[in-house]
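The lines below spell out each chain.
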Amino acid sequence: MKSGILLAAVFATACAPQLAATQTVCASPIDTVYINGRIWTADTTQPWAEALAVVGDKLACVGSTRAIRQAADASATVIDLEGRFVAPGFQDSHLHLPGPSLNSVPLDTVTSVAELQAKLKAFADANPDFPWITGRGWGYAIFPDSTPDRAYIDAVISDRPVYLTMRDGHAGLANSAAMAALNITSGTADPPNGQIVQDAAGRHTGEFRESAHGMASGLIPPETTDARYATLVANMADAASQGLTAVHVAGASAEALALFERAWKSDALKLRMHVAVPMIPGAGAYPENHQLARPISEADLAPHIAARESFKGPLLTVASIKGMLDGAIDAQTAAMHAPYTGTDTSGLSFWDPKELNETVALYDRLGFQVLLHAIGDKAITEALDAFAFAAKTNGTTGRRHRVEHVEVPVLADLVRFRELGVIASTQPMFANPDATVLNNFEPLLGPERAPHADSFSIFDDAGVRQAFGSDFPVFYLSPIEGIAVAVTRMTAEGKPPGGWHPAGRISVEAALRHYTIDGAFATFDDDIRGSLVAGRLADFVVLSQDLTQIPPEAIRATKAMLTIMGGQETYRDPAF
Ligand SMILES: [Zn+2]
């Protein structure tokens, strides 16, 4: 970014009330000016502005409406924001694309077995040609005693195989026809780090956990490449409509990376896409086979290194690695230092600590950023141990390694995040206190651990860099919903009053930072985007409401009106 025409000097340390004192020198020619806004810049030297000017894919200047109008000549397009709130484009720092098939049943909103059965039957009746019926998004709480069983599906679909992925992606439920198609018999053994669940009588219930779920879902006939690409295109458009301009794909198979490359080469990317590739080369993105036949060597990483050379941004970037250290709380597969309350199980650590340390150190030495999924307190400790080992062994700093989800850390580990420069990659919707959180998640953790689970304040208070994401398709990818939950810890219905463990709440501005500049930091992009500063990429979103001026319970009603990525519109609301 040495181009002379982008040189802009902004002499301002003032915030909104002193905008008149701002002197803005803005190089011409300017393509477009956006005026009369309430612009939250995420830049501490000039937190608020009224207007910004775009040249090419970058911001030419940011300042007062008067100064920026003066700087633009008559040929510039002028867009009047009419007082609307503007923020840097949102970044979702942890999601999964291309996303669930457009041809599967969404079950995220289902609250009972009867509702699940009605949805499945309607979908099967409407799609008589589909050889398999797939769906995703169910939670344990909808089943009596939180116990899923294939009989519930058999009651409505028995002629075709059905496989339904649980909402956090760590388990699935098959019907009896699918069990037969998958060749699961009473003699089938559990795979390592997985479970084909049996009831007390030794009968398979149809539930598959962790690597068993990975095995089962891997045997379902895949969709065509064109169908997967159509899903990607649809989900990118949806993301842009929610104000997102950048995402970090937390683990992508070679097939998924090929789809992203196709979108990039077709000029169809609507998001800046950072892609983490699997820690075990050649493994599926999620969940992994965590068993190493032999230590990973540098030679094994040739495809990862080649991908990094091919995709260097700023639209498509491969520079990070995703590994899985444990499962999830709801399935009791997250690795805990002490057993789940009322049980004698402490979950599963997927990696041998020595192998983990050596694998992470190898990636660290080669300059990769490492993202480790760790939800239980024991897995989080193991992740930090591995990052500490890598830094010490290699003498490296500034790798910006990350722990994904970090749902139940031991409080003593917080300081290690800061000292090691490790980023907490958290998901506000995980704290949305729905029935599963209140009736399954919280009781499993018990009174010692639940109060600080999915707390967002503990990281901010400890000075730990925190980047927000959705874990889509686990949750919908709306940053607005995420901000609402981070600020209120209440459901859309306003429950529970006062919020679930309200000490974990954070301010709107803190939540905005975690969706903008902190996300950019987590992808090494904080010097080119994530804040609205002259010379940086013109990525921003215009919202229907000023999030900093409305009551917290009104946040969810906010809509993205206009999304700009690299100076180009990726979404415009019809009402704008
Ligand atoms: Zn994820």
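Just so we're clear, the structure is a prediction, and the values are computed from it rather than from any experiment. Per-chain numbering applies: the sequence of each chain, read as written, is numbered from 1 onward. Only residues with pLDDT of 70 or above have their local features reported here, since the model is predicted, and side-chain atom pairs are shown and tallied only from 80 upward, although totals for entire chains, interfaces and linings are computed over all residues. Heavy atoms throughout the structure, all of them, feed into the side-chain values; hydrogens and water do not.

(A) Summary view of the overall build of the protein chain. Along the protein chain, the regular secondary structure elements total 16 helices and 26 strands. Note on method: radius of gyration uses C-alpha positions; expected globular size equals 2.2 Å times residues raised to 0.38. Over its C-alpha trace the protein chain gives a radius of gyration of 24 Å, about what one expects of a compact globule, namely 25 Å for 576 residues. Dimensions of the protein chain, computed from the C-alpha atoms along their principal axes, are close to 80 × 55 × 50 Å. Residue exposure (1.4 Å probe, protein chains only): buried if accessible area is under 20% of the type maximum, exposed if over 50%, otherwise partly exposed. Counting over 576 residues, the protein chain shows a buried share of 58%. A fraction of 72% describes how many contacts in the protein chain between residues 6 or more apart in sequence connect residues 24 or more apart. When the accessible area of the protein chain is evaluated, it comes to approximately 21,900 Å², of which 54% is carbon and sulfur surface. In the protein chain, the 43 positive side-chain charges and the 64 negative ones have mean positions that sit 4 Å from each other. Strands are runs of DSSP state E lasting at least 2 residues, helices are runs of H or I lasting at least 4, and numbering of each runs from the N terminus. Only heavy atoms enter the contact rule, under which two residues are in contact if any of them lie within 4.5 Å. The protein chains shown are the only cover counted for residues, whose accessible areas, like all others here, come from Shrake-Rupley with a 1.4 Å probe. We count Lys and Arg on the positive side and Asp and Glu on the negative side, and we leave His and both chain ends out. A single reference atom marks each charge: NZ on Lys, CZ on Arg, CG on Asp, CD on Glu.

(B) Looking closely at the packing of helix α9 (residues 353-365) against helix α10 (residues 377-394). Axis definition: a line fitted to C-alpha atoms, over the contacting stretch in the case of helices. Angles run 0 to 180 degrees between N-to-C directions. Contact geometry for α9 and α10: axes closest at 8 Å, N-to-C directions at 50°. Taken together, the axes of α9 and α10 are oblique relative to one another. When the axes of α9 and α10 are compared, the crossing they make is right-handed. Mapping the contact onto sequence places L356, N357, E358, V360, A361, D364 and R365 in α9 and E382, D385, A386, F387, F389, A390 and N394 in α10. Orientation categories follow fixed angle ranges, with anything under 35 degrees roughly parallel, anything over 145 roughly antiparallel, 65 to 115 roughly perpendicular, and all other angles oblique. Left-handed describes a crossing in which the near helix is turned anticlockwise from the far one by less than a right angle; the clockwise case is right-handed.

(C) Expanded view of the packing of aromatic side chains. Working definition: rings of Phe, Tyr and Trp (its six-membered ring) pair if their centres are within 6.5 Å, and the pair is stacked with planes under 30 degrees apart, edge-to-face with planes over 60 apart, and tilted otherwise. This model, assessed by the stated rule, comprises 15 aromatic pairs. When the ring of W48 is compared with that of F85, the centres are 6.2 Å apart and the planes differ by 65°; the resulting orientation is edge-to-face. One end of the pair, W48, is in strand β5 (residues 48-49); the other, F85, is in strand β9 (residues 85-88), with 37 residues separating them in the sequence. Across the pair, F85 and W48 agree in class, each one buried. Taken together, a centroid distance of 5.8 Å and an interplanar angle of 50° make the contact between F430 and F475 tilted. Of the two residues, F430 is situated in the loop between β22 (423-426) and α12 (435-449) and F475 in the loop between β23 (466-468) and α14 (479-488); the sequence distance between them amounts to 45 residues. By relative accessible area, which is 13% here, F475 ends up buried. Through pairs of rings, three or more aromatic residues link up here, namely F90, F456, F468 and Y515.

(D) Highlighting the sheet that holds strand β13 (residues 162-166). Strand pairing is assigned whenever DSSP identifies at least 2 bridges connecting the two strands. The strand order across the open sheet formed by 6 strands is β11-β12-β13-β14-β16-β15, and the pairing between neighbours is mixed. In this open sheet, the two strands that pair with only one neighbour each are β11 (105-106) and β15 (194-198). Strand direction decides the pairing type here: strand β14 (residues 171-174) and strand β16 (residues 204-210), joined by 3 bridges, are antiparallel. The residue bridging A171 from the neighbouring strand is R209, located in β16. Sheet strands touched by helix α5 (residues 211-219): β13, β14, β15 and β16. Its angle to β16, the strand with the most contacts, is close to 105°.

(E) Fine view of unusual backbone geometry. A cis amide bond links G313 with the next residue in sequence, P314, at an omega value of 5°. Note the cis peptide between K495 and P496, where omega equals -15°. Along the chain, P496 turns up in the loop between α14 and α15 (508-515). Positive phi, close to 60°, is recorded for N36, a residue that is not glycine. Within the secondary structure, N36 is located in the loop between β3 (32-35) and β4 (38-40). Even without being a glycine, A42 presents a positive backbone phi close to 65°. Tracing the sequence through the fold places A42 in the loop between β4 and β5.

(F) Region of interest: the coordination of the zinc ion. Atoms of type N, O and S within 2.8 Å of a metal are treated as its donors, and for Na, K and Ca the window is 3.2 Å; water is not considered, so some sites may appear to be missing partners. The protein atoms that coordinate the zinc ion are H94 (NE2), H96 (NE2) and D471 (OD), at distances of 2.1 Å. The sequence pattern formed by the donor residues of the zinc ion is H-x1-H-x374-D. With H94 in strand β10 (residues 90-95) and D471 in the loop between β23 and α14, this pair connects stretches of sequence that are 377 residues apart. According to the relative accessible area criterion, D471 is buried, its value standing at 3%.

(G) Main features of the side chain of E382. Inspection of the secondary structure puts E382 in helix α10. Sequence-distant contacts of E382, that is, excluding residues within four places in its chain, are made with L325, S349 and L356.

(H) Quick peek at α12. The length a helix should cover is 1.5 Å for every residue beyond the first. Taking 1.5 Å of rise per residue, the 15 residues of α12 would be expected to cover 21 Å, yet its terminal C-alpha atoms sit only 18 Å apart, more than 12% below that figure. Of all the bends in α12, the greatest reaches close to 70° and is centred on E442; the proline P443 follows between one and four positions later. Close packing links the buried residues of α12 with α10. We define the bend at any residue as the angle between the axes fitted to the seven residues before and including it, ending there, and the seven starting there.

(I) Representation of the pairing of β14 in the model. By the alternation rule, side chains of β14 split into A171 and L173 and G172 and A174, which are all buried. Where β13 lies against β14, 3 bridges are found, and the strand directions are antiparallel. Bridge pairing in β14 places T165 opposite G172. Where β13 folds back on β14, the antiparallel hairpin that results is connected by 4 residues, among which G169 adopts a positive phi of roughly 80°.

(J) Region of the structure containing the confidence of the model for the protein chain. Known as pLDDT, the predictor's per-residue confidence is scaled from 0 to 100. In this model, the protein chain carries an average pLDDT of 92, and 94% of its residues clear a pLDDT of 70 or more. Note that pLDDT drops below 50 for residues 1-22; the model gives that stretch 37 contacts with residues more than four away or on any other chain.

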